[in-house]
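Read off the chains here:
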Amino acid sequence: MNAIVNFVITIPITNIHPFEDNPYKVQDNEEMQFLCESIRENGVLSPLLVRKIGAAEEYEVISGHRRLYAAHKLDLTELPTVTTDLDRNAAAIALVDSNLHREHILPSEKAFAYQLKMEALSHQGAACGQAGHKSRDAVSDTGSGRQVQRYIRLTCLIPELLNKLDTGEMALSIGVELSYLDEQRQRDVLEQCEINACTLSYLQAVLPQGLNAAETEDYVIKACEHYRKFQRRREQERRGAA
């Protein structure tokens, strides 16, 4: 789709909203502080890319969520923007593609980004009477369709496990395996890991492939119990040697 892009216009900040279901997190970190300082000294040099939503003068951000956040922190009342006529699906694809090649992107961000783009491509195909013609391979120009599907599986994880994935406490492979468990079973696994002081990286080393949900949960719990006994025995041996 060839979108029509207009000239730069100034819009009240109260009329500008984050993209619904934006998969990318805006973090109030050191980089945000630098951005705030830059805007305080020089203003917003790069206009936000937005699209009009609804009949009223309301707009949704496609590119510029960090600038919008910084503007709110600085109590700005208006922002320079460029408007486009992209529909919801085309805007979602543009949003995902403009951020996927960032230097720092969390696994959870990539997971929800792939899911958002997959759904948008699917909707576009259905609208053209070609449902299903867009494969997973069309979602990413760097990863295979199988890799895309593995990331999308992560959207089925509970927030606590997703956070462990983002902090590096859990590998992608174990996250994919645990995503096939229902919510309660995922919480049971998390609880067993905490009770037995068993890291999720340990599970990655011992979890066999090809288990169904019930077998995965049972194996994880037994592995945690075994790990606790191993740690206890090693501590006893250490005390004995002393």
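Trainee: Hey, could you go over the overall build of the protein chain for me, with residue numbers and the actual values?
Mentor: What the protein chain contains, in helices and strands, is 10 helices and five strands. For the protein chain, buried positions account for 39% of its 242 residues. Of all intrachain contacts in the protein chain linking residues separated by at least 6 positions in sequence, the fraction that spans at least 24 positions is 71%.

Trainee: Describe the nonpolar core, naming the residues involved and giving the relevant values.
Mentor: Grouped together as the largest cluster of nonpolar side chains are 36 residues, with contacts concentrated most on Tyr114, Leu154, Leu157, Leu161, Met170 and Leu178. When residues of this core are traced back to their parent elements, those giving at least two are helix 3 (88-99), helix 4 (107-127), helix 5 (145-153), helix 6 (159-166), helix 7 (172-178) and helix 8 (183-195). A total of seven residues in this core trace back to one element, the largest contributor, which is helix 4. Ranked by size, the runner-up nonpolar core spans 17 residues in total, among them Ile16, Cys36, Val44 and Val61.

Trainee: Run through the environment of leucine 178, naming residues and quoting values.
Mentor: In this fold, leucine 178 is placed in helix 7. For leucine 178 and isoleucine 158, which are 20 residues apart along the polypeptide, the C-alpha to C-alpha distance reads 9.7 Å.

Trainee: Describe in detail the pairing of strand 4 (residues 58-63), supporting the description with residues and values.
Mentor: Of the pairings in the sheet, the one linking strand 2 (residues 16-17) to strand 4 comprises two bridges and is parallel in character. Looking at strand 4, one finds that isoleucine 16 is bridged to tyrosine 59. Sheet analysis places strand 3 (residues 48-53) next to strand 4, joined by five bridges and oriented antiparallel. Within the sheet, the bridge partner assigned to isoleucine 53 lies in strand 4 and is glutamate 58. Between strand 3 and the antiparallel strand that follows it, strand 4, lie four residues; glycine 54 among them carries a positive phi value of about 75°.

Trainee: Describe in detail the confidence of the model for the protein chain, supporting the description with residues and values.
Mentor: Confidence along the protein chain averages 82 in pLDDT terms, with 75% of residues attaining 70 or more. Per-element confidence in the protein chain ranges from a low mean pLDDT of 58 for helix 9 (residues 200-206) to a high of 97 for helix 2 (residues 65-73).

Trainee: Mind laying out the packing of aromatic side chains, listing which residues take part and the relevant values?
Mentor: All chains considered together, the criterion is met by one aromatic pair. Here the aromatic rings of tyrosine 114 and tyrosine 151 are separated by 5.8 Å at their centres, their planes lie at 80°, and the arrangement is edge-to-face. You can see tyrosine 114 sitting in helix 4 and its partner tyrosine 151 sitting in helix 5, a full 37 residues away along the chain. With respect to burial, tyrosine 114 and tyrosine 151 carry one shared label: buried.

Trainee: How would you explain the pattern of salt bridges if you had to name every residue and give the values?
Mentor: All chains considered together, the criterion is met by 11 salt bridges. The residue aspartate 166 makes a salt bridge to lysine 25 at a minimum N-O spacing of 3.2 Å. Linking aspartate 166 in helix 6 with lysine 25 in the loop between strand 2 and helix 1 (30-42), this pair joins segments that are 141 residues apart in sequence. For glutamate 160, the salt bridge identified is with arginine 187, shortest N-O distance 3.0 Å. Here glutamate 160 is found in helix 6, whereas its partner arginine 187 is found in helix 8, with 27 residues between them in sequence. We classify glutamate 160 as partly exposed; its relative accessible area is 34%.

Trainee: Report on helix 1, specifying residues and quantitative values.
Mentor: Its 13 residues place the ends of helix 1 18 Å apart at the C-alpha level, agreeing with the 18 Å of an ideal helix rising 1.5 Å per residue. Of the residues making up helix 1, those classed as buried are Met32, Leu35, Cys36 and Ile39. The buried residues of helix 1 occupy one face: seen down the axis, they fall within an arc of 100°. Counted as exposed and oriented over 90 degrees from the buried face of helix 1: Glu30, Phe34 and Glu41. Those residues of helix 1 hidden inside the fold are in contact with helix 2. Of the residues that open helix 1, the one with a side-chain oxygen 3.2 Å from the backbone nitrogen of glutamate 31 is asparagine 29. Of the residues flanking the end of helix 1, it is glycine 43, one or two places downstream, whose phi is positive at about 85°.

Trainee: I'd like a description of the pairing of strand 3, backed by residues and values.
Mentor: Pairing of strand 3 with strand 5 (residues 78-84) involves four bridges; the strand directions are parallel. Of the residues in strand 5, the one forming a bridge with arginine 51 is threonine 84.

Criteria and cut-off values
- Residues numbered from 1 in each chain as written.
- Predicted model: local features only at pLDDT ≥ 70, side-chain atom pairs only at ≥ 80, totals over all residues.
- Heavy atoms only, no water.
- Helix = DSSP H or I, 4+ residues; strand = E, 2+ residues; numbered from the N terminus.
- Buried < 20%, exposed > 50% of the residue type's maximum accessible area, 1.4 Å probe, protein only.
- Contact = heavy atoms within 4.5 Å.
- Core = buried A, V, L, I, M, F, W, Y, C linked by side-chain atoms within 4.5 Å.
- Pairing = 2+ DSSP bridges.
- pLDDT = per-residue confidence, 0-100.
- Phe/Tyr/Trp six-rings, centres within 6.5 Å; stacked < 30°, edge-to-face > 60°.
- Salt bridge = Lys/Arg side-chain N within 4 Å of Asp/Glu carboxyl O.
- Expected span 1.5 Å × (residues − 1).
- Arc of directions from axis to C-beta.
- Polar contact = N/O pair within 3.5 Å; in protein donor to acceptor, adjacent residues only side chain to side chain.

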